[in-house]
Amino acid sequence: MVETNNPRLLQNHIDGRWITPTAADFLDVQNPSDGRVLASVPLSCQADVDQAVAAARGAFRAWSRTPVAERCGPVRKLAELLRENFEDLARQITEEMGKSLPDARAEMKRAIENVDVACGMPTLMQGENITNCASDIDGEVLRLPIGVFGMIAPFNFPAMVPFWFLPYAVASGNTFVLKCSEQVPLTMQAHFRLIEKCGFPPGVVNLVNGDKVASQSLVEHPDVDGISFVGSSPVARQIAEACARTGKRCQALGSAKNYLVVMPDAKLDRVVQNMLTSCLGCAGQRCMAASAIACVGDETYQQVCEQFTAAAKSTSVGNPLDARFEHDDLAVGPVISNDAKRRIENLIQVGVDEGATLLLDGRGTEIPGCDGGHYIGPTVLANVQSGSTLERTEIFGPVVIILKFDSLDEAIAAINQHEYGNGASIYTQSGYWARRFKTETLAGMIGINVGIPAPVAYLPFGGMRGSIFADIKGQSKEVVRFFTESKIVTERYWPEDDLGPRA
Ligand code: NAD
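Residues numbered from 1 in each chain as written. Predicted model: local features only at pLDDT ≥ 70, side-chain atom pairs only at ≥ 80, totals over all residues. Heavy atoms only, no water.

Can you break down helix α12 (residues 338-353) residue by residue, with the values?
An ideal rise of 1.5 Å per residue puts 22 Å on 16 residues; α12 measures up with 23 Å between its terminal C-alpha atoms. Among all positions in α12, only Ala 340, Lys 341, Ile 344, Glu 345, Leu 347, Ile 348 and Gly 351 are buried. Take α12 and look down its axis: the buried residues cluster within an arc of 155 degrees, on one side only. Exposed positions of α12 whose direction lies more than 90 degrees from the buried face are Asp 339, Asn 346 and Asp 353. Summarising the contacts, the buried residues of α12 are in contact with β15 (357-360), β16 (379-382), α13 (389-392) and β17 (399-405). (Helix = DSSP H or I, 4+ residues; strand = E, 2+ residues; numbered from the N terminus. Expected span 1.5 Å × (residues − 1). Buried < 20%, exposed > 50% of the residue type's maximum accessible area, 1.4 Å probe, protein only. Arc of directions from axis to C-beta. Contact = heavy atoms within 4.5 Å.)

Describe in detail empty space enclosed by the protein, supporting the description with residues and values.
Per the stated rule, a full pass over the model turns up three cavities of 30 Å³ or more. The computed volume of the largest cavity comes to approximately 90 Å³. Considering the residues around the largest cavity, the lining is formed by 14 residues, among which Gly 284, Ala 289, Ser 291, Glu 394 and Phe 396 are closest to the centre. Residues that form the lining of the largest cavity fall into these classes: seven nonpolar, four polar and three charged. (1 Å grid on protein atoms, 1.4 Å probe; cavity = no way out; pocket = protein on both sides within 12 Å on 5 of 7 lines; lining within 4 Å. Points joined across faces, edges and corners; volume = space filled by probe spheres on them. Nonpolar A, V, L, I, M, F, W, Y, C, P; charged D, E, K, R; others polar.)

Please give an account of the pattern of salt bridges that cites residues and values.
One pass over the full model with this rule turns up 23 salt bridges. One salt bridge in this structure joins Arg 286 and Asp 103, with 2.8 Å as the shortest N-O distance. On the criterion of sequence distance, the pair formed by Arg 286 in the loop between α10 (268-280) and β14 (290-296) and Asp 103 in helix α4 (residues 101-118) is long-range, its members being 183 residues apart. Classification of Arg 286 as buried rests on a relative accessible area of 9%. Residue class for Asp 103 comes out buried when judged on its relative accessible area of 11%. We note a salt bridge from Glu 113 to Arg 110, for which the minimum N-O separation is 3.3 Å. One end of the pair, Glu 113, and the other, Arg 110, are both in helix α4, three residues apart, so they sit about a helical turn from each other. (Salt bridge = Lys/Arg side-chain N within 4 Å of Asp/Glu carboxyl O.)

Kindly report on the site of the ligand, identifying the contributing residues and their values.
The environment of the ligand is made up of 29 residues, and the closest members are Ala 153, Lys 179, Glu 182, Ser 232 and Glu 394. Ala 153 is positioned such that a nitrogen or oxygen atom in its backbone is 2.7 Å from an oxygen atom of the ligand. One nitrogen or oxygen atom from the side chain of Ser 215 is found 3.1 Å from a nitrogen atom belonging to the ligand. Considered on its own, the ligand offers 850 Å² of accessible surface; in the complex 89% of this is hidden by protein. With respect to the detected pockets, the ligand is housed in the largest pocket. Looking at the shell around the ligand, the elements with two or more residues in it are α8 (212-220), β11 (226-230) and α9 (233-246). Two domains each put at least three residues into the shell around the ligand: domain 1 (48-254 + 467-488) and domain 2 (258-448). (Near = heavy atom within 4 Å. Polar contact = N/O pair within 3.5 Å; in protein donor to acceptor, adjacent residues only side chain to side chain. Areas by Shrake-Rupley, 256 points an atom, 1.4 Å probe, with all protein chains shown as cover. Sits in = over half its atoms within 2 Å of the grid points. Domains from an automatic or database assignment.)

So what's going on with the packing of aromatic side chains? Residues and values would help.
Scanning the entire structure with this criterion turns up seven aromatic pairs. Look at Trp 164 and Phe 165: their rings are 6.2 Å apart centre to centre, the planes differ by 70 degrees, and that puts the pair in the edge-to-face class. Since its relative accessible area comes to 0%, Phe 165 is described here as buried. Within the aromatic cluster, the residues linked to one another by ring pairs are Phe 149, Phe 482 and Phe 483. (Phe/Tyr/Trp six-rings, centres within 6.5 Å; stacked < 30°, edge-to-face > 60°.)

Pulling in residues and values, what's your account of unusual backbone geometry?
Only a minority of non-glycine residues have a phi that is not negative, and only a minority of peptide bonds are not trans. The backbone of Asn 449 sits at a positive phi, close to 55 degrees, despite the residue not being glycine. Within the secondary structure layout, Asn 449 lies in the loop between β20 (445-448) and β21 (464-465). On the accessibility criterion, Asn 449 (32% relative accessible area) is partly exposed.

So what about the layout of surface pockets? Which residues, and what values?
What the largest pocket holds in volume is close to 1000 Å³. Along the walls of the largest pocket sit 41 residues, with Pro 154, Phe 229, Gly 231, Ser 232 and Val 235 positioned nearest its centre. When residues of the lining of the largest pocket are traced back to their parent elements, those giving at least two are α8, β11, α9 and α12. Among the elements that make up the lining of the largest pocket, the one with the highest residue count is α8 (five residues). Classifying every residue of the lining of the largest pocket by side-chain character gives 20 nonpolar, 13 polar and eight charged. Looking at which domains feed residues into the lining of the largest pocket, each of domain 1 (48-254 + 467-488) and domain 2 (258-448) gives three or more. Taken as a whole, the second largest pocket spans an internal volume of roughly 400 Å³. Considering the residues around the second largest pocket, the lining is formed by 18 residues, among which Asp 103, Ala 106, Glu 107, Arg 286 and Ile 452 are closest to the centre. It is α4 that provides the largest number of residues to the lining of the second largest pocket, a total of seven residues.

Which residues make up the nonpolar core, and what are the values?
Val 261, Ile 293 and Phe 308 are the most contacted members of the largest nonpolar core, which totals 128 residues. Two domains each put at least three residues into this core: domain 1 (48-254 + 467-488) and domain 2 (258-448). Not counting residues within four places of it along the chain, the set of residues in contact with Phe 308 comprises Val 272, Met 275, Leu 276, Cys 279, Ile 293, Gln 303, Val 380 and Val 400. Core analysis: the second largest hydrophobic core is formed by 25 residues, Val 53, Phe 229, Ala 242 and Cys 250 among them. (Core = buried A, V, L, I, M, F, W, Y, C linked by side-chain atoms within 4.5 Å.)

An account of the environment of Leu 253 is needed here, citing residue identities and associated values.
Mapped onto the elements, Leu 253 comes out in strand β12 (residues 249-253). When its relative accessible area of 5% is taken as the criterion, Leu 253 is described as buried. Residues Leu 253 and Leu 330 lie 77 residues apart in sequence; the distance between their C-alpha atoms is 26 Å. Each residue touching Leu 253, except ones within four places of it in the same chain, is listed here: Trp 164, Phe 229, Val 230, Gly 231, Ala 236, Phe 461, Gly 462, Ser 467 and Ile 468.

Written as structure tokens, this is what we have:
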């Protein structure tokens, strides 16, 4: 690690002000591309979270009674400021997270798209009614804001993931406490410098820095009504259990092992490039990154092993802030930390020890001038068996496994036996195979000739089975159901004659 004497000390943003937490512990925030220390992030404790929740609770009553169209004013301003500061925010993501600039720009676009969608809240949170559902009786469903919501975010999308929730929560009349990832806190510092210019009343949107101590304080807090979590499945499960115990709403999105199924009729000249972007973009650290290629038939398997490995070999690896990679959306940057690098390299060795064939080995990759960076080059392992450690584990790095199946049924069965069910794609020209895949595969987000089937903000985002611990997914009008209580009114008025003569 490269040392600096005076790393910038980050603050929380609570009740409309920047506040130095009472935290006793701090963590270095590193640029994963070269190991430079960018800042020191405080690990907030219970008292800091209490302060943020108290501010959010204090702001709730007035904010929830503000007309919905007025609440959308600051949200629209936020969209405008995010657009004006687009490039700086994308560079901030790249600097602390290590993804390529084209990837960071794509992340910002999706974040802004979510803010745009939330501006439609006057329509999104409308209720329903039925007139004369029984004799002289009307039924009505109101959708009402609930209270204080907390959000706990992962490191891999420091801007986009918080925005799957934040704009919807506040536009629908709730107040919000965000606990960003301690590995990438700078992106939200930059966003909150914009949020404070939008005109939200103090306490409506709050930011707390910290690790699992801050998360757990938020989850256990009696004055928090609901939690949105995105991260690894073991933590997602714990959060969902804690929310169930403490009577909170919860949506907890977890880990993934996304398959790409290649059928014998797939257009390989197009497919290989598409698979490369899915598997290696963001150094394999997207929750929608494919990390397993399932080939149906011997010939498909041989061709994919050969062509995919050759393409992966020619992919650039380097510092994403290097001007040469400014527009290269395939350039593979570092993984997030040295711990992540060691874990991924160990998993590659486990694969080899379990009998996989190493077609391309990215271990030992070094980038001149980036001695402190955490690089692993593209790695491809073939002859991997269903049920092996590599197949069962979310690797979360630029590591791809290739498996062979005799039929589509076998490939779908392998996906459906997996613990996770986030995304899955099929490459085929056959409508019959595609239809079977989309209806029979147990994954929440399906791609047909699309390697990263990440839904746009107008549609829900979330997996199935061990990839989600919730009934309601993120984004779109779906998440508005999470942030609003449905209250059902059944009403009747007797004729005025019963009360006496009409006026
Ligand atoms: P992580 O689970 O380690 O951390 C996520 C957040 O939880 C962080 O803010 C962290 O501080 C906090 N945390 C960590 N341990 C905790 C604990 N014991 N109790 C309470 N809070 C805790 O995940 P990560 O490494 O930051 O992110 C990568 C993971 O996130 C991958 O598994 C990836 O698949 C997943 N992810 C999923 C989606 C999705 O849509 N399903 C999207 C992005 C990332």
